[in-house]
Amino acid sequence: MRDPAKTVGGMADKAKTVFLSYIDSQGCPTTRAMLAPREREGIRVFWFSTNTSSRKVAAFRENPRGSVYFVDRRFFRGASLSGAVEVLEDPESKERLWRMGDAMYYPRGVTDPDYCVLKFTAERGRYYCNFKSEDFLIPD
């Protein structure tokens, strides 16, 4: 892969669904489908919104290690990013990601206690395409 930022960034921008993995309370890896990240900073930082009451939030509070997987079904390629997740409940982070229509999921609005932000910071990546996998560095 010549340009990880362009390739993986393009996959992230086109994704409707991504897969977020974490370690559950019994030490087992668990994967959840998530709506695409609301925002990203290159391919290092990705911002998601989710329910504070979810098991994944409880798991990330115990162990911040996680991964995000992007898949391009058309060309059968994928990118896995491994790193750490922060659970954010501060007003700035919540307002940053709030979108019209979110009240459908969080009826109390941006201050709903069941609304939080996950900030995923990638540390390394692995890319699969054309029957080959390769590790890549995360550009600053």
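A.B. asks: With reference to specific residues and values, describe the nonpolar core.
C.D. replies: Ranked by internal contacts, the top residues of the largest apolar core, which has 27 residues, are Phe46, Phe48, Phe70, Leu81, Leu118 and Phe120. Mapped onto this core, the elements with two or more residues apiece are α1 (4–14), β1 (17–23), β4 (45–51), α2 (55–62), β5 (65–72), β6 (77–88) and β7 (115–129). Here the element with the most residues in this core is β7; it accounts for six residues. Not counting residues within four places of it along the chain, the set of residues in contact with Phe48 comprises Val18, Met34, Leu35, Ala36, Pro37, Val68, Leu97, Cys116, Val117, Leu118 and Phe120. Counting residues in each nonpolar core, the second largest holds seven residues, with Val45, Leu88, Tyr106 and Tyr115 among its members.

A.B. asks: Could you give an account of the pattern of salt bridges, with specific residues and numbers?
C.D. replies: Per the stated rule, a full pass over the model turns up eleven salt bridges. Among the salt bridges present, the one from Asp135 reaches Arg126, with a minimum N-O distance of 2.8 Å. Asp135 sits in the exposed class, given a relative accessible area of 57%. Accessibility expressed as a relative area gives 40% for Arg126, which makes it partly exposed. It is possible to trace a salt-bridge network through shared partners that takes in Glu39, Glu41, Arg96 and Arg99.

About the thresholds
Residues numbered from 1 in each chain as written. Predicted model: local features only at pLDDT ≥ 70, side-chain atom pairs only at ≥ 80, totals over all residues. Heavy atoms only, no water. Core = buried A, V, L, I, M, F, W, Y, C linked by side-chain atoms within 4.5 Å. Buried < 20%, exposed > 50% of the residue type's maximum accessible area, 1.4 Å probe, protein only. Helix = DSSP H or I, 4+ residues; strand = E, 2+ residues; numbered from the N terminus. Contact = heavy atoms within 4.5 Å. Salt bridge = Lys/Arg side-chain N within 4 Å of Asp/Glu carboxyl O.

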